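Summary of structural features
Each chain is listed here by its residues.
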Amino acid sequence: MLDFISPLFAKAGIAALVACLILIITMHFLRKVIKNVEMRIFISLAISYFASLVFYSFSFKQWVAEATQVINYFLETIGWMFLAPASFIIILIVAAYFLEKKLTAQEFRTFWHILGGLLILIFTIFNRELGFLITSYTILGFLVMEYLRKLPEESLFTNFVKKSFHKAIRDNEIASFMASIFFLTGCWIIIYMFAKTPAIVLLLILTLGDASAVITGKKLGRDKLKYNLHKSIQGSTAMFLIIMVILLAFKFNLIFAFIVAIVVALLESLPLNMSDNLIIPVASIMLFIGITNAIQYFNFWLYIFPIALFFIVYLPKLLDLKSSLVVFLFGALVLNGLINSLAYFFIISTFLIINALAWNAKRIRKCLKIKENVWKTRTINTVIASGMIPALIAVLGNVYLLTGAISAALAETMANKIGSFYPHPRLITNMKKKKPGTRGAVSWYGYVAALMACLITGLIIVITTQIFGIKTAFWPIFAIAIIAGLGAITLNSLMGIVLGYLAKEEIDVISTLLGVAIAAALMLI
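Residues numbered from 1 in each chain as written. Predicted model: local features only at pLDDT ≥ 70, side-chain atom pairs only at ≥ 80, totals over all residues. Heavy atoms only, no water.

Next up on the list: the pattern of salt bridges. Counted according to the given criterion, the structure contains four salt bridges. When the shortest N-O distance is used, the salt bridge between R128 and D3 registers 3.4 Å. In this pair, R128 is assigned in helix α6 (residues 128-150) and D3 in the segment before α1 (7-29), connecting sequence segments 125 residues apart. A residue is classified by how much of its surface remains accessible, and R128, at 6% relative accessible area, is buried. (Salt bridge = Lys/Arg side-chain N within 4 Å of Asp/Glu carboxyl O. Helix = DSSP H or I, 4+ residues; strand = E, 2+ residues; numbered from the N terminus. Buried < 20%, exposed > 50% of the residue type's maximum accessible area, 1.4 Å probe, protein only.)

Structure representation (structure tokens):
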């Protein structure tokens, strides 16, 4: 089922995304020096390209050699067959242009959601590596357009972007990320990790599952869910049925299909402050692996551990009931992971407990004389946001990527909470003094707390892997923990200023993804 993309294409995709972040940050810093937007873009492109050469030992010849390898691979495996999906794409885009005036804003967004998913699916069917690279460069393009969309300046590029995305943007996306970026990120994760057939199944679930819930909910959604008035019973039922049909069509086990469909539909229906376009693929991946292993190697006594974890976080009221159940689900899925599942369970459990303590510990509040309303009990939103990516990596069983994910998530929590005590934080872009809590403001309190979180992460992983006999190198673990943790919170602060305000839950998700990306980049260099 799992089949990670080859290092050659993984490097190309990750290098493109890193170059994109550098491009956006460079454009932002040059905005006061270079007034012309087009000139700023071209200079930033050159800088970001040279910065991305770090993946190729700063050798232009190595970059050319690997780029030639990629091109030759596609010419040999696909050749002129590339014209078939390309022609279909042109037809769909032309159809979208003519349908824009005939569809409502919601219908237009849903149409593009399905269209985008089908385009990625078509390329993945033809060639998985091609689908991966196209998704990588599409994310790059969307992130750049997000930045241009928020610029106040008038220019050829900014006017084109604002006009193009006007109808597809929800009101809550004006100051935040478009859901499309999270959707593309979900597709990228799926294609990167899975062989072609399971990747196609997951892409279909991501594309058609959410769209079916939206369409049915708008047309027939009369009975609203009591816990989320923005969702309906009819919409969630439609999503459940579509996922069941997809899984059964690909000859998956009935019990397996039912569990995956019901859990994914339930998660999509929750009132979460983050995009379900990212939750659905991450949940589906963990369920695919966890339930498959649970059915094949079921051991009742193993579930004592996640049950114990549930009571550890719930009885002292570190987490509420819903959040504690999510922690139990994370633990159960990690326990049915691919390799060394017990070791990864103890790593992820320790992380979840420490993270919960950092958010809500009565003794810590009392010792530090913190007011009751400063640190609040973690809700299901924050638990899912900060825990789902580390849990996913734990299920996959990669200790180095897990180090990056946990270090970034824990560093973000500690920097946020401890850093808020510093009276005069400074904006990371220009070092001007700001009020505590200002988006993009940093302090040495926060960075010291983040560094401590990174060292704690490294220590937990080194000790656990030694106890369970997992072969790991001591210094690389700590190096990844420190670089990924500190790098993730720094990039997060920069991205928050450059791309606008993000919900706290979205910050948690982006932090952990950046931590994984930095860890992966360090492994590739």
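Next comes the rest of the account.
Once that is clear, we can look at helix α2 (residues 37-52). Along its 16 residues, α2 runs 22 Å from first to last C-alpha, staying within 8% of the 22 Å computed at 1.5 Å per residue. Restricting attention to buried positions, one finds in α2 the residues V37, E38, R40, I41, S44, S48 and S52. One face of α2 carries all of its buried residues, which in axial projection span an arc of 145°. Residues F42 and F50 are exposed on α2 and point more than 90 degrees away from its buried face. (Expected span 1.5 Å × (residues − 1). Arc of directions from axis to C-beta.)

Turning to empty space enclosed by the protein, a few remarks are in order. Applying the stated criterion across every chain yields a total of two cavities of 30 Å³ or more. Here the second largest cavity is characterised by a volume of approximately 30 Å³. F182, M274, S275, L278, I279, M388, E506 and V509 together form the lining of the second largest cavity. Of the residues assigned to the lining of the second largest cavity, the class counts are six nonpolar, one polar and one charged. (1 Å grid on protein atoms, 1.4 Å probe; cavity = no way out; pocket = protein on both sides within 12 Å on 5 of 7 lines; lining within 4 Å. Points joined across faces, edges and corners; volume = space filled by probe spheres on them. Nonpolar A, V, L, I, M, F, W, Y, C, P; charged D, E, K, R; others polar.)

Moving on, we get to the confidence of the model for the protein. Looking at the protein as a whole, its pLDDT mean stands at 82, while 86% of the residues score no less than 70. Contacts of residues 370-376 to residues separated by more than four positions or lying in other chains number 17 contacts, the stretch itself having pLDDT below 50. (pLDDT = per-residue confidence, 0-100. Contact = heavy atoms within 4.5 Å.)

Bringing a nonpolar patch on the surface into the picture now. On the surface, F305, F346, L459, I463, I467 and F468 cluster together to form a nonpolar patch covering roughly 540 Å² of accessible area. Taking relative accessible area as the criterion, F305 reaches 32% and is therefore assigned partly exposed. (Patch = residues over 30% accessible without salt bridge, like charges linked within 9 Å, V, L, I, M, F, W, Y side chains within 5 Å. Areas by Shrake-Rupley, 256 points an atom, 1.4 Å probe, with all protein chains shown as cover.)

For the rest of this paragraph, the subject is the environment of I243. If you trace the backbone, I243 turns up in helix α10 (residues 233-249). In this structure, the C-alpha to C-alpha distance between I243 and V201, residues 42 residues apart in sequence, is 9.3 Å. Dropping the residues within four chain positions of it, I243 is found in contact with I205, V260, A261 and V264.

Note on helix geometry: an α-helix contains 3.6 residues per turn, so any two residues three or four positions apart are oriented the same way. With 17 residues, α10 extends 24 Å between its outermost C-alpha atoms, agreeing within 8% with the 24 Å of an ideal straight helix rising 1.5 Å per residue. Taken together, the buried positions of α10 are occupied by G235, S236, A238, M239, F240, I243, M244, I246 and L247. On the buried face of α10, the contacting elements are α9 (196-220), β1 (224-225), β2 (228-232), α11 (254-269) and α12 (276-296). Just past α10, the residue K251 takes up positive phi, approximately 65°.

Our next topic: the packing of helix α8 (residues 179-193) against α9. As a packed pair, α8 and α9 sit with axes 9 Å apart at the nearest point and diverge in direction by 165°. On the basis of the axis angle, α8 is roughly antiparallel to α9. In terms of crossing hand, the pair formed by α8 and α9 is right-handed. Across the interface between the two elements, F183, G186, C187, I190 and I191 of α8 pack against A199, L202, L203, L206 and T207 of α9. Of the residues in the contact of α8 with α9, the class split is eight nonpolar, two polar and no charged. (Axes fitted to C-alpha atoms, helices over the stretch in contact; angles between N-to-C directions. Parallel < 35°, antiparallel > 145°, perpendicular 65-115°, else oblique. Left-handed = near helix turned anticlockwise from the far one by under 90°.)

Next up on the list: the layout of surface pockets. To find leftover empty space, one rolls a probe the size of a water molecule over the atoms. Considered as a void within the structure, the second largest pocket measures approximately 1,100 Å³ in volume. Around the second largest pocket sit 45 residues that line it, and L17, L513, L514, A517 and I518 are the ones nearest its centre. Listed by contribution, the elements that provide at least two residues to the lining of the second largest pocket are α1, α6, α8, α17 (380-396), α20 (474-499) and α21 (504-524). At eleven residues, the largest contribution of residues to the lining of the second largest pocket is made by α21. In terms of residue class, the lining of the second largest pocket is made up of 42 nonpolar, three polar and no charged.

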